[in-house]
Amino acid sequence: SSLYPLVVSTWPFLEAVERAWSAANNGYSAVDSVVEGCSACEELRCDVGPGGSPDENGETTIDAMVMDGVTMEVGAVAAMRYIKDGIKAARLVMRHTGHTLLVGEKASAFSISMGLPGPTDLSSPESIEKWNKWKENNCQPNFWKNVVPANSCGPYHSNGLLLAAETTCLGDGPRRAVELRSNHFGLHSHDTISMAVIDKFGHIAVGTSTNGATFKIPGRVGDGPIAGSSAYVDSDIGACGATGDGDIMMRFLPCYQVVESMRLGMMPKDAAKDAISRIARKFPDFVGAIFAVNKNGTHAGACHGWTFQYSVRSPEMHSAKYICFVVG
Ligand code: SD4
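All values derive from a computational prediction rather than experimental measurement.

### Details of the state of the cysteines
According to the stated counting rule, one finds two disulfides in the structure shown. Across a sulfur-sulfur distance of 2.2 Å, C240 and C255 are joined as a disulfide pair. Disulfide C240 to C255: torsion about the S-S bond roughly -60°, handedness left-handed. You can see C240 sitting in strand β8 (residues 238-244) and its partner C255 sitting in helix α9 (residues 254-263), a full 15 residues away along the chain. For C240, a relative accessible area of 0% puts it in the buried group. Residue C303 pairs covalently with C324 via a disulfide, S to S 1.9 Å. Judged by the torsion about the S-S bond (65°), the C303/C324 disulfide is right-handed. Taken together, the positions of C303 in strand β10 (residues 299-304) and C324 in the loop between β12 (320-323) and β13 (325-326) put the pair 21 residues apart, joining distant regions of the chain. On the basis of relative accessibility, which here comes to 0%, the residue C303 falls in the buried class.

Following this line, the structure appears as structure tokens:
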């Protein structure tokens, strides 16, 4: 029996995985199958896409990327407003421009000019409610440090600083601060899909779509659209996808690390654990996870700071969830 197509994805987004797998099984290329899968996630709102995590201003934006492991072409969009179809916009950048990454308003304008629907309001009743609750809670937690933010949120200024002071005094403080920070990265809502597809021809592609960090400072771009960070692929070797604290992960390019380690002969399991532990050594409170899959279809996940599941679909096996190796 055939090994391919094979789909691996962050989180138990089984429907999105199934959609990607059917596409690949019907002869779609790896790139197009990944786009099908990530689009499904944007449509079904597996916490990604419209209605997802708002920023400090209550606005939802999208970061997305697609990478072709045969040609090593990449297309990405970041901090994109008013467009629902993040991953399709990324594919348009890859296919129809000589660029790699478009950002902000201009990424939206490009997407509309290329035929994607918009402008569309990306907020939802849920995202507005989430944002209102956060403001009622004096905009805590937030991402500021060592500074009084210029944009007030009522008692937000002083409380933002108070929180920092308290965390050094109270025994429980540091842990609580970490807990709060991890909430931004979907500990309770998994707002990033990162997916790899090996198509019938053995070609591999990866894609990512995310609303980034909840209550981020407007303008913040995470690891989602960064090749090598949220995902990476080389069809001769294998692929990797990541989720978690992108502000930290994009400093390490963990998915590039994983693919390169596999190139040097490491098994996916060891490569994934190694990439996560490189980050955890410097940032012991880091929250994040990756999956690794080699071109033979062997896969593994590694995580730190949370329990992470990833999903796999192959010809022999309906979508199944796997647990990560916890890196201590
Ligand atoms: C980011 N990595 O923008 C994303 C967030 C995420 O589950 O993965 N949330 O930092």
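### Structural notes on the sheet that holds strand β2 (residues 62-68)
Ordered in space as β4-β3-β2-β6-β5-β1-β11-β12, the eight strands form an open sheet in which the pairing is mixed. The outermost strands of the open sheet, each flanked by one partner alone, are β4 (101-103) and β12. Each adjacent strand pair in this sheet contributes to an overall mean axis angle of 15°, direction not counted. Alignment of strand β1 (residues 6-10) against strand β11 (residues 309-313), held across four bridges, turns out to be antiparallel. Looking at β11, one finds that V7 is bridged to R313. The sheet strands contacting helix α2 (residues 30-44) are β2, β5 (192-198) and β6 (204-210), and the helix crosses β5 at an angle near 155°.

### Concerning the nonpolar core
In this structure, V66, M195, V258, I290, V293 and F308 are the most contacted members of the largest nonpolar core, which totals 80 residues. Broken down by element, this core gets its largest block of residues, seven residues, from α2. If sequence neighbours within four positions are ignored, F308 has contacts with T10, W11, T243, A289, I290, C303, Y322, I323 and C324.

### A few points about the environment of Q309
With respect to the helices, strands and loops of the structure, Q309 is situated in strand β11. Looking at Q309, the relative accessible area reads 26%, which means it is partly exposed. Sequence spacing of Q309 and F13 is 296 residues, and the spatial spacing of their C-alpha atoms is 9.6 Å.

### Notes on the site of the ligand
In the neighbourhood of the ligand, nine residues make up the surrounding shell, with D191, T192, R220, D223 and T243 lying closest. Between the ligand and T192, the relevant distance is 2.7 Å, taken from an oxygen atom to a side-chain nitrogen or oxygen of the residue. In this structure, R220 approaches the ligand through a side-chain N or O atom, which is 2.8 Å from an oxygen atom. Grouping the constituent residues of the shell around the ligand by class yields one nonpolar, five polar and three charged.

### Considerations on helix α1 (residues 14-25)
With twelve residues, α1 ought to run about 16 Å at 1.5 Å a step, and its terminal C-alpha atoms sit 16 Å apart, in line with that. Of all the residues in α1, the buried ones are A16, V17, A20, W21, A23 and A24. Projection of α1 onto a plane perpendicular to its axis shows the buried side chains occupying an angular sector of 160°, all on one side. Structurally, α1 contributes buried residues whose contacts are with β1, α2, β5 and β11. At the exit of α1 stands G27, carrying a positive phi of roughly 100°.

### Quick word on the pairing of β2
With seven of seven residues buried, β2 is to be regarded as a mostly interior element. Side chains I62, A64, V66 and D68 project from β2 onto one buried face, and the interleaved D63, M65 and M67 project onto a second face that is buried too. Sheet topology places β2 next to strand β3 (residues 74-80); five bridges connect them, and they run antiparallel. Paired with V66 across the bridge in β3 is G75. Linking β2 back to β3 in an antiparallel pair, the connection comprises five residues, with M72 at a positive phi of about 60°. Pairing analysis gives six bridges linking β2 to β6, with the strands arranged antiparallel. Opposite M65, over in β6, you have T208 as the bridge partner.

### Examining the pairing of β10
With five of six residues buried, β10 is to be regarded as a mostly interior element. Alignment of strand β9 (residues 288-294) against β10, held across six bridges, turns out to be antiparallel. Across the sheet, residue F291 finds its bridge partner in β10, namely G301. Between β9 and β10, which pair antiparallel in sequence order, lie four residues; one of them, G297, sits at a positive phi of approximately 95°. Pairing geometry for β10 and β13, over two bridges, is parallel. Bridging across to β13, A302 finds its partner in F325.

Scoring rules and cut-offs
- Residues numbered from 1 in each chain as written.
- Predicted model: local features only at pLDDT ≥ 70, side-chain atom pairs only at ≥ 80, totals over all residues.
- Heavy atoms only, no water.
- Disulfide = S-S within 2.5 Å.
- Helix = DSSP H or I, 4+ residues; strand = E, 2+ residues; numbered from the N terminus.
- Buried < 20%, exposed > 50% of the residue type's maximum accessible area, 1.4 Å probe, protein only.
- Pairing = 2+ DSSP bridges.
- Axes fitted to C-alpha atoms, helices over the stretch in contact; angles between N-to-C directions.
- Contact = heavy atoms within 4.5 Å.
- Core = buried A, V, L, I, M, F, W, Y, C linked by side-chain atoms within 4.5 Å.
- Near = heavy atom within 4 Å.
- Polar contact = N/O pair within 3.5 Å; in protein donor to acceptor, adjacent residues only side chain to side chain.
- Nonpolar A, V, L, I, M, F, W, Y, C, P; charged D, E, K, R; others polar.
- Expected span 1.5 Å × (residues − 1).
- Arc of directions from axis to C-beta.

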